[in-house]
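Coordinate analysis (summary)
This is what each chain is made of:
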Amino acid sequence: MLALLFLFLLFLSPPPILSVNQEGLYLLRFKHGLSDPNQSLSSWNDNDETPCNWFGISCETPALPRVTSVNLTGLELAGPFSSSICRLPFLSFLSLNNNSINTSIPADISDCQRLQHLDLAQNFLSGSIPDSLSEIPYLRYLDLSGNSITGGIPASFGKFRHLENLILLDNFLNGTIPRELGNISSLREFHLAYNPLSPGPLPSELGNLTNLEVLWLTGCNLVGQIPASLGRLTRLQNLDLSINRLSGSIPSSLTGLKDIIQIEFYNNSLSGKLPPGLSNLTTLRRFDASMNQLTGTIPSELCELPLGSLNLFENRFEGTLPESIARSPNLYELKLFNNKLSGELPRELGKNSPLESLDISYNAFYGGIPETLCEKGKLQDLILIYNSFSGKIPTSLGKCQSLRRVRLRNNKLSGTVPEKFWGLPHVYLFELAENSFSGPISGKISGAYNLSNLLISNNQFSGSMPHELGHLGNLDEFSGNDNKLTGQIPASFVKLGQLSKLDLSDNELSGEIPLSGKIPSQIGSLSGLNYLDLSSNAFSGKIPLELQNLKLNVLNLSNNQLSGELPALYANENYRDSFVGNPGLCGDLPDLCPRVSTGKNLGYLWILRSIFILAAIVFLVGVVGFYWKYRTFKKNKKGIGMSKWRSFHKLSFSEFEISGCLNEDSVIGIGASGKVYKVALSNGEEVAVKKLWKGTRKDDSSDELGKFEVEVETLGKIRHKNIVRLLCCCNSGDCKLLVYEFMPNGSLGDLLHSNKRSLLNWPRRYKIALDAAEGLSYLHNDCVPPIVHRDVKSNNILLDSEFGAKVADFGVAKVANGVSKGVETMSAIAGSCGYIAPEYGYTLRVNEKSDTYSFGVVILELVTGRLPVDPEFGEKDLVKWVCTTLDQKATADHVIDPILDPKHKEEIERVLEIGLLCTSPLPINRPPMRKVVKLLQEAGPDNKSRSARKDGKLSPYYYEDGSVQRKEDGSGQASIV
Ligand SMILES: *[C@@H]1O[C@H](CO)[C@@H](O)[C@H](O)[C@H]1NC(C)=O
Ligand SMILES: *[C@@H]1O[C@H](CO)[C@@H](O)[C@H](O)[C@H]1NC(C)=O
Ligand SMILES: *[C@@H]1O[C@H](CO)[C@@H](O)[C@H](O)[C@H]1NC(C)=O
């Protein structure tokens, strides 16, 4: 009987399935509309009964095989968005986050009636947001960030009843914020930051969103006032309105934000006083209203909050800093620089809180430096420059081992500096200049082995300099001028291998100039010195001939007791000022000393000597060359197999030769991706060989190797005068070599930031900028598919023998995947510190505009001669430093490299403007490289049509379409708690 029942059941069950069910068919149709380069959807096939086990698919339950979720995050799927997926009647979750979907969002997406979660972020979606989206009744989560969507936010969005997250960050939305959004009472997070909206107000209706926790509107072109209604957002935790043009005062109603943790108002045009009642904000941890025009005093109430970070710099605050700030238990950052504050600092500042960073520069504070600043042992930055502090440096600071930057310039401090304060191990910037300190420089300074800048000029330091100064192997600048130092320069100074500037003028130093050591090799180690000022002392003896070996930009030995003959190199009119006021000094200069010298003979001797040295060098080079050839010949026998070599140009050498020549002596550079060798070939040609690091992890999989080959193939095909030529490459499993043409003048970065900077006069710098721009423009516009470099920096711009520039090192370059927009998703952040575009902070995507930003930084380097990040800039990088300096000084003189000839000033200013345009915080404001080339050409020496304004101020930055770009500081940091 049972058996019969079993048979009966068997008969009833459906016949063997040959095809997938209807939902599966819908999904297959969706799949066929897309390209799937990684075969991620290979499990999708019609042999299964249901799609429930397919990759990325989830069903309600195994028993109820209805598809509820399609999660295809990060699969590199490309093609159109097809709403055929909306035929799945039970679909509630759909994510295509981080793919290459490249159409607009279709209006019939509203067919996905059950959808609760829709995530299309990080694709190439264009067009506008369809009105119909709001017809999806139960939608809770909508993320369209990181696309190229234009237009406005539909007013119909006000109809959403359940929407909690509306994330539109980082698109090209150019409408305004509709007031109807105030109706989405369920909304908890609204992210709209970094969209080039049309200038418009923040609608007061947003104050009706009483469930809102995050309101992020950075860089949205907001104008008008902050609506008082925002004070009704009692659940709000993060209010970020930074980088807009909001004006008026901060409404007092904001004291109603009883859950608020972070308030970011920096970089707007807010004015008036901080509102009363701030003490209600007991949860507030960060408050940043820097870079506005706020006035009044800093209210004591604000300081009574348990704030961690308080930034109010670049405003117009007056009065004193309330005592209560010293009681704030969490305070780690206090930045109030560039205000009009005065009075004494609270005596217990730092006693109760882990203070790390204190910057109150450019105010009118007076009184003593509090003893307790480093009580918790965390203080790293002590920055008090340009105030009126007086008294001694507290002894307690001598124990502050955490200190990194000490900047006390231009105060009224006096007395001796505590012994231990000289020798703090992490301090790299030690600036006591322009005070009234006295006493000696302590020998304890040898403990400050990280010290790079020792700036103690214009004080009353006395006694002789300790020989321990010579132990500071990282010392780059020592300015000790205008003091009362006596005795000799310690002989140990010749060991300061990094020293580039030594200024000891106006002291009471005597003895001989110690450079005339008897050990010439040690002089060689001072080769970085390019600024030497020993004027107005009592140095005696002869001028050391070795000075001629240094490439000095500034040499001043005037007003000493030096005697003897001038070294031949300096015996000409250009150097007169360097030597005047030395009664015993003679030379070819008529008035320098009364005697007529034998300078001519000396000059003759010098020439003879040069010829001899030259001959010796030629001989040596010959010997080395011969040895090289010989060894190469020997090694060729066991060279790398020819079959692994691939050449892209007609080569005049044999690839065999290369591998034999890679020894450690010929390394000319080490980078993140490998070592670079200089190889002299037997035919006299020189090449640069890059040996890539061996992949350690699974990178060596055949897949990765394949990508390497594809990439190299593309680069090998590139022919452009401003791109370093890839001649050939070798890829044999564990050894990957790339052979490039050799560039004799090395990298722009090395040249520009060394003592050879003076070789780069303005015409050369301009030419370099133009060359590099043309190279990048070629990569972006003329390569198919376009190539994004991703690591544009001065070290990747190489110079040939005529200082022509070529772009190099596509170490991280990746061919943009054939998508016209050329936007690329990266798995890891590429790029180098100081060059990285701000959008990296909130999206991991790079595109051509990121290269434009990095190139803008290179322009600023060329104009200013400064590094992209420099301890002197403090928190700022070069871009921000230039912007704020221009803002404050209103003339470009303070940023232009002082060694550039002023006759080029107008031209330099025009190029500076282009640099600023390229480094706009918003990618959309940056010109494409093709346009940059045109702008540079127009700014060049032959083109005076666009001259800078007469008053020396830079004009506002006009963009192609005639719109004016507003003043921005470039701080595009994402600031979300
Ligand atoms: C969707 O897939 C991604 C990547 O596979 C995963 O990280 C994420 O947690 C998934 N989301 C859901 C809601 O399952
Ligand atoms: C927004 O951008 C689109 C596409 O670039 C353009 O057609 C439209 O006119 C712009 N709208 C506004 C208000 O600027
Ligand atoms: C929403 O806000 C506006 C202006 O702030 C106000 O006039 C309106 O009454 C509010 N609506 C509701 C439903 O609260």
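Residues numbered from 1 in each chain as written. Chains lettered and ligands numbered in written order. Predicted model: local features only at pLDDT ≥ 70, side-chain atom pairs only at ≥ 80, totals over all residues. Heavy atoms only, no water.

1. Topic: the pairing of strand β28 (residues 436-439)
Remember that side chains alternate between the two faces of the sheet whenever the strand is regular. Quick note on the threshold: Each residue gets one of three labels from its accessible area relative to the maximum for its type: buried under 20%, exposed over 50%, partly exposed in between, using a 1.4 Å probe on protein chains only. In DSSP terms, a helix is any run of H or I states spanning at least four residues, a strand is any run of E spanning at least two, and both are numbered starting from the N terminus. Should DSSP find at least two bridges between two strands, the strands are regarded as paired.
Side chains F437 and G439 project from β28 onto a buried face, and the interleaved S436 and S438 project onto a face without burial. In terms of strand pairing, strand β26 (residues 412-416) meets β28 through 3 bridges, oriented parallel. Across the sheet, the residue bridging to G415 is F437, located in β28.

2. A few points about the UniProt feature "binding site: ATP" (unreviewed entry) in the protein chain
Let me state the cut-off plainly: UniProt positions are given in the numbering used here, feature names are shortened, and annotations may be inferred rather than shown by experiment.
Feature annotation in UniProt places "binding site: ATP" (unreviewed entry) on K691, given in this structure's numbering. With respect to the element layout, K691 can be found in strand β43 (residues 686-692).

3. Regarding the site of ligand 1
Note the following rule: A molecule or strand has a residue near it when one of that residue's heavy atoms lies within 4 Å. Polar contacts, as counted here, are pairs of nitrogen or oxygen atoms within 3.5 Å of one another; within protein the pair requires one atom able to donate a hydrogen and one able to accept it, and residues that are adjacent in sequence qualify only if both atoms are side-chain atoms.
All residues adjacent to ligand 1 are N71, T73 and F93. Taking N71, its side chain carries an N or O atom lying 2.4 Å from an oxygen atom of ligand 1.

4. Side note on the pattern of salt bridges
We count it as follows: Salt bridge, as applied in this entry: a Lys or Arg side-chain nitrogen positioned within 4 Å of an Asp or Glu carboxyl oxygen.
Tallied over the full model, the rule gives 27 salt bridges. With its nearest N and O atoms 4.0 Å apart, the salt bridge here joins D782 to R930. Within this pair, whereas D782 is found in helix α10 (residues 762-782), its partner R930 is found in helix α14 (residues 929-939), the two being separated by 148 residues in sequence. The partly exposed category is assigned to D782, whose relative accessible area is 44%. With relative accessibility at 49%, the residue R930 sits in the partly exposed group. K905 serves as the salt-bridge partner of D893, at 3.3 Å between the closest nitrogen and oxygen. With a gap of 12 residues between them, D893 in the loop between α12 (878-889) and α13 (905-918) and K905 in helix α13 connect regions that are remote in the sequence. The partly exposed category is assigned to D893, whose relative accessible area is 45%. Looking at K905, the relative accessible area reads 29%, which means it is partly exposed.

5. Some remarks on the state of the cysteines
Note the cut-off: To count as a disulfide, a pair of cysteine sulfur atoms needs to be within 2.5 Å.
This structure, assessed with the given rule, holds 3 disulfides. A disulfide bridge connects C52 with C59, and the sulfur atoms are separated by 1.9 Å. Judged by the torsion about the S-S bond (-95°), the C52/C59 disulfide is left-handed. Each member of the pair, C52 as well as C59, is classed as buried.

6. Structural notes on the site of ligand 3
Applicable threshold: Shrake-Rupley sampling with a 1.4 Å probe provides the accessible areas, and residues are treated as covered by the protein chains on show and by no other component.
In the neighbourhood of ligand 3, the contacting residues comprise S204, E205 and N208. Within the side chain of N208, a nitrogen or oxygen atom sits 2.6 Å from an oxygen atom of ligand 3. Protein chains shield 36% of the accessible area of ligand 3, which is 360 Å² for the free molecule.

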